[in-house]
Amino acid sequence: MNMQPNFFDILKFSNKWQTNKLYSIPVYKMPRELKIKYDPTTGRAMDVFEVAKSESFARQSKPGLFNEPVRDNVNATPNDLKTDAKTGGKSVALDFDHLLTVPPGFENGMEFELTTLVKSIQNKYKSQEESEMEKTAGIIRNIATEGKIKDSKDSKLHLALPKIPKESPTLWAETVDVSEAVDFDSMVPNPAFKWKFELDSFQKHAIIKLEKGENVLIAAHTSAGKTVVAEYAIALSQRHMTKTFYTSPIKALSNQKFRDFRSTFQDVGIITGDVQINPKASCIIMTTEILRSMLYNGQSSVQDLEWVIFDEVHYMNDSERGVVYEEVLVLLPEHVRIIMLSATVPNTLEFASWVGKTKKRKMCVISTPKRPVPLEHYLYTGQSRKSKEHKFLILGAEGTLVHKGYLDAVEAKKPKEKAPAQQKDTGKRALGGGKRSCDQRYNEKEGNKVKKVIAIAPHASKSGPQHQKNLWIRVLDHLCSEDKLPVICFTLSRSKCDSNANSLSSVDLTTAEEKHAISQFLHKCLDILKGPDKNLPQVIQMSSLLKRGIGVHHSGILPILKEVVEMLFQDGKVKLLFATETFAMGINMPARSVVFDDIMKHDDKGRRQLLPSEYIQMAGRAGRRGLDSTGTVLILCKDSVPELESLHKMMLGKPQKLESQFRVTYSMILNLLRGKQLRVQDMMKLSFGEVHFRSKIEELEKEMKQRENPPKLDCSTCSDVESFYEAARKYLEKKVEVYRHVLHPQAIKALKPGRFLTVVDDECVLKLGLLLDVNTHSKEPIFKTLVLRGSKKTKRENSMKKIDKTRPKSALTPKMVALVKNTYFVPHVRDSDVLSLKLDDIADVTDFTLKTDCKVVLSDWKTKSKEDSPCSVFDKAVDALLRMSKDPNFNYLNLVEHLKQKTLDMVEQLQELQKLKPKYDDFKCCLCSSFYEHLDFTTQEREEYDRLNYLTSDERLGNSTEYAAKLNVLKSFKYVNSDSMVQLKGHVACSIGKQELMLTELLFRNILTDLPEEDIAALLSCLVFNQKPEKEPNLTPSQKETIDSIQKVARDIGKTQKKCGLQEHVEDYVDQFQFGLVEVIYKWTMGVSFREIMELTDVQEGTIVRVIQQLVETLQDLRKAAQILGNPTLETKLEAASTKIKRDIVFQGSLYLQ
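Small disclaimer: the values here were computed from a predicted structure and weren't measured.

### Brief notes about the overall build of the protein chain
A count of helical and extended segments in the protein chain gives 41 helices and 29 strands. Going through the 1154 residues of the protein chain one by one, you find that 50% of them count as buried. Sequence-distant contacts, at least 24 apart, represent 73% of the contacts inside the protein chain between residues at least 6 apart.

Now the structure itself:
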């Protein structure tokens, strides 16, 4: 076979020098691609043109090592971020005509003169490029049947498409009708993945969309099979030899998905905060925060990414972590396809439209019409053995409320009088006589006769633990009799979960065979633990419960035990599970029944009823697809039956809408300022919270452009009315700014109740007012002022026939007119009113004061006693106002003389204010007989233009105030300079995942360097632990001293934030750092066993494990920061501390990763 010589063969020199071969370098063909121009309002394709293909930043960046943490490359920038044309970003072209010929420091250089050979190469390249462009043009001609090719000025191939009328903005998203039958086999003849079961209609529609490369949003009921869509995307990417990222909101769910997908697809990896397994795999499981870090730091692994799957998208409603979803969706490169899996929410189309418009690609919304397994909801009112079967249907499988069931439940819950014989029998049982005080039930299961003995105490207080035990025994007995196990009992309290499970010591739900299987599984899972960890109280207690078919699942349980419970529950060995609502988050572990211990929960604001979305999420765990015809949901009515209205709202109310939780964070600001491809303001504009306003921007901009040249007034006298408007506006704005500092009771001694003020009314005349009270507690001072009222009719010539009089007058016009025309209001009717004035409402302050009791005047006006007492204090104040208005014989106050603190700055500001005040003689428009109308017309035009300009500017954005405040905080601490350029501290903060300000300040203030590594680890636990335990830790003097230093740093940050305009109180910021686990972490770092450190605190085991795991991530972040800063001493100590605490049960690997 004849092979063409490659480039390296050409470079091989023979015995004879053939330098001409060096010129035969293959011409690099610039890759080109078709770009489609979309209508920003409708999303319809308007134009197609060919451009040079631009590579993403990920392709340009240096490939990083996969075994390095995702935040290592702090000098990288976000990839593939597009800057809006309005941002002012400019590209600089090189001037090839004036290149240097001699490098600096060299004696000789090179002349850049085009030789004949070079010119021939250029011509050859040019001809090849023109040939390629002509080929592409021919292809486009064949494709475009309705449009035609035309040459554009920038030499790009351009395709003019037929004009399309504007349509609804919902074109960025479309709802797929899943009831429509599709010929799946013919549309997908060679599927990338096959299942052993028949696909549902919504799954088929979704797969067809994936085959077309479209983005999809799956909003399906619990257990509907959303994971099928994710599995097909993974298989599709493996066929295409690309990558898929599967993101989840929580680490535990990531671990479970890794196990599930690894059993189906071999090439699967996982990246979390402390685990990296097979990071080069085609499918990588990760948390959403990890993906955000990758995008901010320009990870090269994004270049081959085809699909990103967002699981549990409704989690974006979380106030703390919801912002991560919005950041990631904005930062994702354009070539990445998106799959979103969500529970049913009412505004899926709205959310999908936002994603589609942001990524410039249509989203397909696919929803399930109903649950695969319908639910039946009951009220359980059993109070005794005889009433243990008392459950009443409140919501049927068809979704209708059953009123009769509710009334029957209320009736059954009413207390009934006991008959004398019944009382006598009860007394006998209490003494041990009569019937046996226990139920014995035999249940045939798998051919074995299993004895179930459930003992119920004869008497128990309704609020005591014995009553709770008896209640659960009756509920369990009822569920067993109806074959409704396994059951999940949602108890919205960790302590109640533990107490309920521990109280059922007499309950045994497993057979001998199951006990043996559970024991073997426990031995296999717990055998990886060290000796002392195997004998932890929680391990022993949980093992005992599990062998009897009972499990507990909440955040206080050790992670390895939670995974054991989950696996045994999936295997059907756990029949009764007490869990908090976190068990319903994403974990696909359905049961036959669900029981609600309570429908009230505590949150940050207090005790409230479950939201419809929370109730649906938990109740949805009832009913196993393919095993149960219906799922059963029981609501325990312990004390009373809940109100029907509350039940209706909780069961049938609309789930919570997906809402934007976007907020500006310090990390976001620093990363975007460092990258420069995307402004923070652009991130805010693209957020979900701005979706409604973004659709109006184009109309507002168009209207603003029309108002740039307003209609001219047909009046030669008012030719300078716009100049007068500008001068008056500047004066009034400066006046408010100065008065904020000067005209304040603490700054001026004369401004107190009893002082006469002047205000401007709508008729452009000055009204005299009597100051009665000053409220300085509000954000802006409020001045309670008594004024006279009564219409004064003035004659004005109506020369404004051409001006639209339907528009309202501007509130600014009277204040401007009053600056040059001092006309005082004289009432004809003796009437008055009390106004609440702001600083900009006060025209001036007089030098006259009325000696009267202003509090009495204000009180008389409120009680309307002025009408009954003509000689009252109030009446005298009104008379004084009348006299002064008829004969305004007073002067205005000289504010400079009455200042308490005559600083040079205040005096200069007052003098500047006087110079800015427009004068009557300086503007001829003041002589116009229609000056008021003409000025009002001009003011309205300018105000409307300013309003439109504001609405289309960055200042309008909802988070602009927060951004400005946090940017000032960063400038105050030197993270960025005055030009918003990221400095060394800012680059260090970018390498830190959480609490970047606090950790960076501790690092730069050198608070930790001289401490031993045990103290460093112990004290930094305050950054990841925010509870306040009842048991105080035993601290060393050195630790107490360092705690004071840390709190001082926190207080400095809190004060700076408050000073810059953030609303968080200083002490609230300081109190978030809790030191309750300092002793525990210190002992753990010293090598003390987990059992021993548990005796030092009342914090639960699971919480301590989670704190220590998060602490390791913090130590690793701080170690990288110390490395960047060049502090090897601290870097070594942080690495040693991290190594010391990564041991035993705390860092035992997940069972899902084994």
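Still more to cover.
### A look at the sheet that holds strand β28 (residues 831-837)
With antiparallel pairing, the 5 strands of this open sheet are ordered in space as β28-β27-β26-β25-β29. Both outer strands of the open sheet, β28 and β29 (842-849), are each paired with one neighbouring strand and no more. For this sheet, the mean inter-axis angle between neighbouring strands, taken without regard to orientation, is 35°. As judged from the 5 bridges shared by strand β25 (residues 755-760) and strand β26 (residues 766-775), these two strands associate in the antiparallel manner. Paired with Thr 758 across the bridge in β26 is Leu 768. In the packing of helix α28 (residues 873-886) onto the sheet, the strands contacted are β25, β26, β27 (782-789), β28 and β29, and the crossing angle to β27 comes to about 70°.

### A word on the sheet that holds strand β24 (residues 631-636)
Strand order in this open sheet of 7 strands is β15-β14-β24-β21-β18-β20-β19, and the pairing throughout is mixed. Each having just a single partner strand, β15 (391-395) and β19 (550-553) make up the two edges of the open sheet. For this sheet, the mean angle separating the axes of adjacent strands, direction not counted, is 25°. Against the sheet, helix α11 (residues 403-413) contacts β14 (375-380) and β15, and its axis sits at roughly 145° relative to β15.

### Section: helix α15 (residues 512-526)
Given a rise of 1.5 Å per residue, 15 residues ought to cover 21 Å, and the 21 Å separating the end C-alpha atoms of α15 matches this to within 8%. Taken residue by residue, α15 has Glu 514, Ile 518, Leu 522, Cys 525 and Leu 526 as its buried positions. Viewed end-on, α15 has its buried residues packed into an arc of 85°, placing them on one side of the element. Among the exposed residues of α15, those pointing more than 90 degrees away from its buried face are Ala 512, Glu 513, His 516, Gln 520, His 523 and Lys 524.

### Looking at the state of the cysteines
Throughout this description, disulfide means a covalent bond between two cysteine sulfur atoms. Taken as a whole, this structure holds 0 disulfides when the rule is applied. Cys 489 takes part in no disulfide bond, and the closest cysteine sulfur, belonging to Cys 497, lies 9.1 Å away. Among the residues examined, Cys 489 registers a relative accessible area of 1% and is labelled buried.

### Let's talk about the pattern of salt bridges
Per the stated rule, a full pass over the model turns up 39 salt bridges. Residue Asp 1052 pairs with Lys 1048 through a salt bridge whose shortest N-O separation is 3.4 Å. Separated by 4 residues within a single helix, Asp 1052 and Lys 1048 lie in helix α36 (residues 1037-1059), roughly one turn from each other. Classification of Asp 1052 as partly exposed rests on a relative accessible area of 23%. Each of Lys 985, Glu 1001, Arg 1005, Lys 1048 and Asp 1052 takes part in one network of salt bridges that share partners.

### Thoughts on the packing of α15 against helix α17 (residues 537-547)
Packing of α15 against α17 brings their axes to within 9 Å, and their N-to-C directions diverge by 150°. Here α17 runs roughly antiparallel to α15, going by the angle between their axes. The handedness of the crossing between α15 and α17 comes out as right-handed. Along its contact with α15, which presents Lys 515, Ile 518, Ser 519, Leu 522 and Leu 526, the element α17 presents Val 539, Ser 543, Leu 546 and Lys 547.

### Some remarks on the environment of Asp 773
For Asp 773, the location among the structural elements is in strand β26. We classify Asp 773 as partly exposed; its relative accessible area is 32%. For the pair Asp 773 and Lys 855, spaced 82 residues apart in sequence, the C-alpha separation works out to 7.6 Å. Non-local contacts of Asp 773, meaning those with residues more than four positions away in its chain, are made with Pro 753, Ile 782, Phe 783, Lys 784 and Leu 858.

### A word on the confidence of the model for the protein chain
Of the residues in the protein chain, 76% reach a pLDDT of 70 or more, and the chain-wide mean stands at 79. Note that pLDDT drops below 50 for residues 6-14; the model gives that stretch 5 contacts with residues more than four away or on any other chain.

### A word on unusual backbone geometry
The residue after Leu 485, namely Pro 486, is reached through a cis peptide bond having omega 5°. The topology assignment puts Pro 486 in the loop between α13 (465-481) and β18 (487-490). With a phi angle near 55°, Asp 483 is a residue other than glycine that sits in the positive phi range. Note that Asp 483 resides in the loop between α13 and β18. A residue is classified by how much of its surface remains accessible, and Asp 483, at 53% relative accessible area, is exposed.

### A short note on the packing of helix α34 (residues 996-1004) against helix α40 (residues 1101-1125)
For the pair α34 and α40, the least separation of the axes is 11 Å and the interaxial angle reads 45°. With respect to α40, the element α34 is oriented oblique. As for how α34 packs across α40, the hand of that crossing is right-handed. Where α34 approaches α40, its residues Leu 999, Leu 1003 and Phe 1004 are matched on the opposing element by Thr 1114, Leu 1118, Ala 1121, Ala 1122 and Leu 1125. Its residues placed into classes, the contact of α34 with α40 shows 7 nonpolar, 1 polar and no charged.

### Quick word on helix α6 (residues 227-240)
With 14 residues, α6 should reach 20 Å at 1.5 Å per residue; the first-to-last C-alpha distance of 20 Å fits that figure. The element α6 is largely enclosed, with a buried count of 10 among its 14 residues. Val 228, Val 229, Ala 230, Glu 231, Tyr 232, Ala 233, Ile 234, Ala 235, Leu 236 and Ser 237 are the residues of α6 that are buried. Positive phi appears at Met 241, one or two residues downstream of α6, with a value of about 60°.

### Points about the pairing of strand β22 (residues 600-603)
Here 4 bridges tie β22 to strand β23 (residues 606-609), and the two strands are oriented antiparallel to one another. Directly across from Met 600, in β23, lies its bridge partner Gln 609.

### Examining the nonpolar core
Membership of the largest hydrophobic core comes to 200 residues, with the highest contact counts inside it found for Phe 310, Phe 351, Phe 596, Met 998, Leu 1020 and Phe 1090. With 10 residues, the top contributor of residues to this core is α40. In contact with Phe 596, other than residues within four places in its own chain, are Phe 490, Leu 610, Tyr 615, Met 618, Ala 619, Val 633, Leu 634, Ile 635 and Leu 636. Counting residues in hydrophobic clusters, the runner-up holds 39 residues, among them Ala 220, Ala 230, Ala 235 and Ile 270.

### A closer look at the packing of aromatic side chains
The full count for this structure, using the stated rule, is 17 aromatic pairs. Measuring from ring centre to ring centre gives 5.6 Å for Phe 351 and Trp 354, while their planes differ by 40°; the resulting arrangement is tilted. You can see Phe 351 and its partner Trp 354 sitting in helix α10 (residues 348-359), 3 residues apart, about one turn around the helix. Judged by its relative accessible area of 1%, Trp 354 is buried. Cluster of aromatic residues (ring-pair linked, three or more members): Phe 193, Trp 195, Tyr 232 and Phe 265. Between Arg 1143 and the ring centre of Trp 1084, over which it is positioned, the NZ or CZ distance is 3.6 Å.

### Observations concerning the side chain of Glu 1001
Along the polypeptide, Glu 1001 turns up in helix α34. Owing to a relative accessible area of 3%, Glu 1001 belongs among the buried residues under this scheme. With near-sequence residues (within four places) excluded, Glu 1001 lies in contact with Phe 973, Tyr 975, Lys 985, Val 1049 and Ile 1053.

### A look at the environment of Lys 924
As for its placement among the helices and strands, Lys 924 is situated in the loop between α30 (904-916) and α31 (931-951). A relative accessible area of 43% places Lys 924 in the partly exposed class. For the pair Lys 924 and Asp 720, spaced 204 residues apart in sequence, the C-alpha separation works out to 7.1 Å. Excluding residues that lie within four positions of it along the chain, Lys 924 makes contacts with Ser 716, Thr 717, Ser 719 and Asp 720. Within polar-contact distance, the side chain of Lys 924 engages the side chain of Ser 719 at 3.3 Å.

Definitions and cut-offs
Residues numbered from 1 in each chain as written. Predicted model: local features only at pLDDT ≥ 70, side-chain atom pairs only at ≥ 80, totals over all residues. Heavy atoms only, no water. Helix = DSSP H or I, 4+ residues; strand = E, 2+ residues; numbered from the N terminus. Buried < 20%, exposed > 50% of the residue type's maximum accessible area, 1.4 Å probe, protein only. Contact = heavy atoms within 4.5 Å. Pairing = 2+ DSSP bridges. Axes fitted to C-alpha atoms, helices over the stretch in contact; angles between N-to-C directions. Expected span 1.5 Å × (residues − 1). Arc of directions from axis to C-beta. Disulfide = S-S within 2.5 Å. Salt bridge = Lys/Arg side-chain N within 4 Å of Asp/Glu carboxyl O. Parallel < 35°, antiparallel > 145°, perpendicular 65-115°, else oblique. Left-handed = near helix turned anticlockwise from the far one by under 90°. pLDDT = per-residue confidence, 0-100. Nonpolar A, V, L, I, M, F, W, Y, C, P; charged D, E, K, R; others polar. Core = buried A, V, L, I, M, F, W, Y, C linked by side-chain atoms within 4.5 Å. Phe/Tyr/Trp six-rings, centres within 6.5 Å; stacked < 30°, edge-to-face > 60°. Lys NZ or Arg CZ within 6 Å of the ring centre and 35° of its normal. Polar contact = N/O pair within 3.5 Å; in protein donor to acceptor, adjacent residues only side chain to side chain.

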